[in-house]
Amino acid sequence: MTRPITAGVDGSQESLAALAWAAREAVRRDRPLRVVHAWRVQTPELIESAVATDADSQAQWVHSAVTEAVGTVTERHPDLEVTTDVIEGPVADTLVAAAADAEMLVLGSRGHGRIVGFLVGSVGQQVLAEATRPVVLVRAGDQASSEAAGREIVVGQQGDPEDSADALRFAFETAAARGATVRVVRAWSLPPVFAYSPGSLKLLDEAGGLEPYEQKALAAAVRPLRERFPDVPVEEHVEMGSASQVLLSVAGTAQLMVVGRRTHRTAVGARIGSVAHGMLHHADCPVAVVPHA
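None of the values given here were measured: they were computed from a predicted structure.

### Observations regarding the environment of Glu88
Considering the arrangement of structural elements, one finds Glu88 in strand β3 (residues 82-88). Taking the C-alpha atoms as reference points, Glu88 and Ala38, 50 residues apart in sequence, are found 5.8 Å from one another.

### A short note on the pattern of salt bridges
Under the definition given, this model contains 16 salt bridges. A salt bridge links Arg28 to Glu25; the nearest nitrogen and oxygen atoms lie 2.7 Å apart. With Arg28 and Glu25 both in helix α1 (residues 13-29) and 3 residues apart, the pair spans about one turn of that helix. Assessed through its relative accessible area of 27%, Arg28 is described here as partly exposed. Here Glu25 falls in the buried class, since its relative accessible area comes to 0%. For Arg34, the salt bridge is made with Asp85, and the minimal N-O distance between the two is 2.8 Å. With Arg34 in strand β2 (residues 33-39) and Asp85 in strand β3, this residue pair connects regions lying 51 residues apart in the sequence. Overall, the relative accessible area of 17% leaves Arg34 in the buried class. Assessed through its relative accessible area of 28%, Asp85 is described here as partly exposed. Sharing partners across several salt bridges, the network here consists of Arg24, Glu25, Arg28, Arg29, Arg31, Glu103, Arg133, Asp142, Glu147, Glu173, Arg178 and Arg228.

### Section: the packing of aromatic side chains
Inspection of the entire model under this criterion finds 1 aromatic pair. Above the ring of Phe170, the side-chain terminus of Arg29 is found at 5.4 Å from the ring centroid.

Rules used throughout
Residues numbered from 1 in each chain as written. Predicted model: local features only at pLDDT ≥ 70, side-chain atom pairs only at ≥ 80, totals over all residues. Heavy atoms only, no water. Helix = DSSP H or I, 4+ residues; strand = E, 2+ residues; numbered from the N terminus. Salt bridge = Lys/Arg side-chain N within 4 Å of Asp/Glu carboxyl O. Buried < 20%, exposed > 50% of the residue type's maximum accessible area, 1.4 Å probe, protein only. Phe/Tyr/Trp six-rings, centres within 6.5 Å; stacked < 30°, edge-to-face > 60°. Lys NZ or Arg CZ within 6 Å of the ring centre and 35° of its normal.

Next comes the structure, spelled out in structure tokens:
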């Protein structure tokens, strides 16, 4: 089965930018585009007076708005296969289900600050925490020109090679489709004096110190992707500092930021990790959040 690239739309400028981004990516990857609008019937006190209050009129208005948005995409990409689904139901659950059948789910997000549109409060948290496929967040000001040659795909790598394997694969696949360079970033910090086991200390000594050890660890993680994507240029970037700080320091040259995601369960619900959270709030470019298998 060929998985579509799925865009969630809600009529906001952010979601329209996400739709345009998803369409371009679908063309590059030769995949169909699926457009999903999840909605609930609104009671009169929750909606603007300009919008009809009865369920049938609301449904008609929603379908018209989605049709108009999709028309812009099909005009720009006449050969792109596009399907549209307007689904009445819980927004977060609908989007999580849509992501499960997709190559990726693309949604809109506001600039610096909290995520909006589909990603408001618990809705956004649930989608990012529970989606089993990559979720890409796109800001309203995103333009196709930002994907021009010279701007990199930046991806974070941490831990052992398998810890970031899914995020690395997504970054290399995207770079291959775009003819872009991948910058793989590994941040490191000085550990407490007793953090390493005797075996780890032996490896550090053989590597020649902490930074060479981190460089070797990054090279080992990237090696399988270099072999799988020999035509993709790669920059390996090792720097001391927090992962969020180091990634943001190179975000200015990025056309896409890719981070892995581990879900943290708390008493108030699921939460994404601090690195993904930091990129979503502060990176200017689109951000792909890739769940670990």
